[in-house]
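Okay, here's what each chain looks like letter by letter:
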Amino acid sequence: MIPRPIPGLQDCASRRAKQDLMPRTLDGQITMEKTPSYFVTKEAPARISAMSKGTKLIVVVRDPVTRAISDYTQTLSKKPDIPTFESLTFKNRTTGLIDTSWSAIQIGIYAKHLENWLLYFPIGQILFVSGERLISDPAGELGRVQDFLGLKRIITDKHFYFNKTKGFPCLKKAEGSSKPHCLGKTKGRPHPEIDQEVVQRLRDFYRPFNMKFYQMTGHDFGWD
Ligand SMILES: Nc1ncnc2c1ncn2[C@@H]1O[C@H](COP(=O)(O)OS(=O)(=O)O)[C@@H](OP(=O)(O)O)[C@H]1O
């Protein structure tokens, strides 16, 4: 059971005030909250643990190189004048020194972020969902989520079809409707073409962190 959520990472008083505005979780209900930045926020594990040690945590991860490019694509869509991905990647392009302070790069060092969580939560309380498998086998991945949450497997293959144009699975029927439902326009956007040498340098950079992450989670995500 996931307890009532922390609506943000504010101080306790404002957190409680916000919680009081939220509906109560009734028996048989699970309250969920999605805030991607929690995984990389230093204070989040301690605060969530202080609120409820039993909180189940779900983290969706994908190849950190693709993640960085996707992150950049998102920023570019809002600020078209930013420097190129290639120039932001390096502190010094000649020496090949990666700028690990750039958030697009930093967020993908999953092993480092996970270490913070493991100070407060056992690994069995965290489910790692593969972003790649959410596309190639959504029902399988959601099967794992349902098991982790102790739910009956209600969502299965029957609920999805693959939309080739979008390159994503879509729901055959949206909740409360008889019409199909696909993810929005910002999902599956084309990414800019990145210099392959830079991509390779990033692959080399992430490899040891990925290996450590596989070891910590006991799961090979196949990013190499
Ligand atoms: N359900 C599901 N399955 C697989 N992949 C998914 C899913 N939802 C979001 N995404 C991909 O995650 C990338 C970031 O999406 P966000 O949901 O954060 O969207 S947004 O950037 O806030 O608009 C973005 O990646 P790219 O499209 O490759 O850039 C989304 O397409």
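Nothing here was measured: the structure is a model prediction, and the numbers come from that model.

Looking now at the side chain of Asp 63. When you line up the elements, Asp 63 lands in the loop between strand S1 (57–61) and helix H3 (64–78). The buried category is assigned to Asp 63, whose relative accessible area is 7%. Side-chain polar atoms of Asp 63 contact the backbone nitrogen of Val 65, separated by 2.8 Å. Side-chain polar atoms of Asp 63 contact the side chain of Arg 203, separated by 3.0 Å. Setting aside anything within four residues of it in sequence, one finds Asp 63 in contact with Tyr 110, Glu 132, Arg 203 and Trp 223.

Below, the discussion takes up the UniProt feature "domain: Sulfotransferase" (unreviewed entry) in the chain. The positions that UniProt labels "domain: Sulfotransferase" (unreviewed entry) are, in the present scheme, residues 47–207. Along residues 47–207 one finds 42% helix and 14% strand; the C-alpha atoms at either end are 31 Å apart.

Surrounding the ligand, one finds 13 residues, the nearest of these being Arg 62, Ser 70, Lys 187, Gly 188 and His 191. Between the ligand and Ser 70, the relevant distance is 2.7 Å, taken from an oxygen atom to a side-chain nitrogen or oxygen of the residue. Taking His 191, its side chain carries an N or O atom lying 2.8 Å from an oxygen atom of the ligand. Sorting the residues of the shell around the ligand by element identifies H3 and helix H7 (131–136) as the ones contributing at least two each. No other element matches H7, which puts 3 residues into the shell around the ligand.

The rules behind each value
- Residues numbered from 1 in each chain as written.
- Predicted model: local features only at pLDDT ≥ 70, side-chain atom pairs only at ≥ 80, totals over all residues.
- Heavy atoms only, no water.
- Helix = DSSP H or I, 4+ residues; strand = E, 2+ residues; numbered from the N terminus.
- Buried < 20%, exposed > 50% of the residue type's maximum accessible area, 1.4 Å probe, protein only.
- Polar contact = N/O pair within 3.5 Å; in protein donor to acceptor, adjacent residues only side chain to side chain.
- Contact = heavy atoms within 4.5 Å.
- UniProt positions renumbered as here; feature names shortened; annotations may be inferred.
- Near = heavy atom within 4 Å.

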